[in-house]
Amino acid sequence: MHRLTQEHLIMVFVALVALASGGDMLADLAHGADRAHLLQEGLLLALALMILLWLWRDHRSQRRALVALQQELEQIRSRPEPESAQVLSVRQHFSAAINDQFGRWQLTPSEAEVGLMLLKGYSLKEVAMLRGTAERTIRQQASAIYQKSGVSGRHSFAAWFLEDLLTPQ
């Protein structure tokens, strides 16, 4: 079942405007309204229908992008673990270190999830789509993460974890 979003509400509103305009136009025709008024009603109806079509196409495009992202994420999750015990051990230790650091920064569970997705390279828009949240919410959570971690932004956040790993010993 789909959540009723702001986008859905706007589409319903525009559809209602189109229906009301069409109904008013039919009533005006029955009462012999002048052509100028009928032209205005027709233009309003055409505009409402074009906006509705545009919103619907945009919604479908976003849904396709979300499905593609979910499939990509599922493919990543279903990849076989590396065969090398050393690589597996490093991944486990790195993951534990990230989670420990998130705990020291006192990130909420939602912030930690967003933080991991940002470290994996997802854009704010992609994170919002995957989490079923408004992009504005993800931006606020990302800002809270950067503030709690004492970094200036996304690149500094990723660099905080990777810098020491990439420095030769």
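Scroll up to find the structure.
Since we're looking at a predicted model, the values are computed, not measured. (Residues numbered from 1 in each chain as written. Predicted model: local features only at pLDDT ≥ 70, side-chain atom pairs only at ≥ 80, totals over all residues. Heavy atoms only, no water.)

Undergrad: Quick question: what am I supposed to make of a nonpolar patch on the surface here?
TA: Taken together, the side chains of V12, L16 and L19 present a nonpolar region at the surface, about 300 Å² in accessible area. With respect to the helices and strands, L16 occurs in helix α1 (residues 6–30). (Patch = residues over 30% accessible without salt bridge, like charges linked within 9 Å, V, L, I, M, F, W, Y side chains within 5 Å. Areas by Shrake-Rupley, 256 points an atom, 1.4 Å probe, with all protein chains shown as cover. Salt bridge = Lys/Arg side-chain N within 4 Å of Asp/Glu carboxyl O. Helix = DSSP H or I, 4+ residues; strand = E, 2+ residues; numbered from the N terminus.)

Undergrad: Could you clarify how one ought to interpret the environment of Q6 in this entry?
TA: Here Q6 is to be found in helix α1. Between the C-alpha atom of Q6 and that of A134, which follows or precedes it by 128 residues, the distance is 9.7 Å.

Undergrad: Would you mind going over the packing of helix α2 (residues 35–78) against helix α5 (residues 124–131) with me for this structure?
TA: The packing of two helices is summarised by the inter-axis angle and the distance between the axes. At a minimum axis separation of 10 Å, α2 and α5 run at an interaxial angle of 85°. If you check the angle between α2 and α5, you find them roughly perpendicular. Where α2 abuts α5, its residues Q62, A65, L66, L69, Q70 and L73 lie against E126, M129 and L130. Considered class by class, the residues forming the contact of α2 with α5 number six nonpolar, two polar and one charged. (Axes fitted to C-alpha atoms, helices over the stretch in contact; angles between N-to-C directions. Parallel < 35°, antiparallel > 145°, perpendicular 65-115°, else oblique. Contact = heavy atoms within 4.5 Å. Nonpolar A, V, L, I, M, F, W, Y, C, P; charged D, E, K, R; others polar.)

Undergrad: How do you make sense of α1 when you look at a structure like this?
TA: The periodicity of an α-helix, 3.6 residues per turn, causes residues three or four positions apart to be oriented the same way. Over its 25 residues, α1 extends 36 Å from the first C-alpha to the last, a length consistent with the 36 Å expected when each residue adds 1.5 Å. Residues of α1 that are buried sit in contact with α2. Backbone geometry just after α1 places G32 at a positive phi near 70°. (Expected span 1.5 Å × (residues − 1).)

Undergrad: Would you mind showing me how to read unusual backbone geometry here?
TA: Most peptide bonds take the trans configuration, and most residues that are not glycine carry a negative phi. One non-glycine residue, Q106, lies in the positive phi region at around 60°. Residue placement: Q106 occurs in the loop between α3 (85–104) and α4 (109–119).

Undergrad: Looking at this model, I keep getting lost on the nonpolar core. Mind explaining?
TA: Ranked by size, the top nonpolar core spans 24 residues in total, and within it F102, L118, Y122, V127, Y146 and F157 carry the most contacts. Where this core is concerned, the elements lending two or more residues are α2, α3, α4, α5, α6 (135–149) and α7 (154–166). No other element matches the five residues that α5 contributes to this core. Sequence-distant contacts of V127, that is, excluding residues within four places in its chain, are made with V114, M117, L118, Y122 and I138. (Core = buried A, V, L, I, M, F, W, Y, C linked by side-chain atoms within 4.5 Å. Buried < 20%, exposed > 50% of the residue type's maximum accessible area, 1.4 Å probe, protein only.)

Undergrad: How should the packing of aromatic side chains be read in this particular structure?
TA: Under the definition given, this model contains nine aromatic pairs. When the ring of F102 is compared with that of F161, the centres are 5.9 Å apart and the planes differ by 85°; the resulting orientation is edge-to-face. With F102 in helix α3 and F161 in helix α7, this residue pair connects regions lying 59 residues apart in the sequence. Side by side, F102 and F161 carry an identical accessibility label, which is buried. Through a chain of ring-to-ring contacts, three or more aromatic side chains come together here, namely F102, W105, Y146, F157, W160 and F161. (Phe/Tyr/Trp six-rings, centres within 6.5 Å; stacked < 30°, edge-to-face > 60°.)

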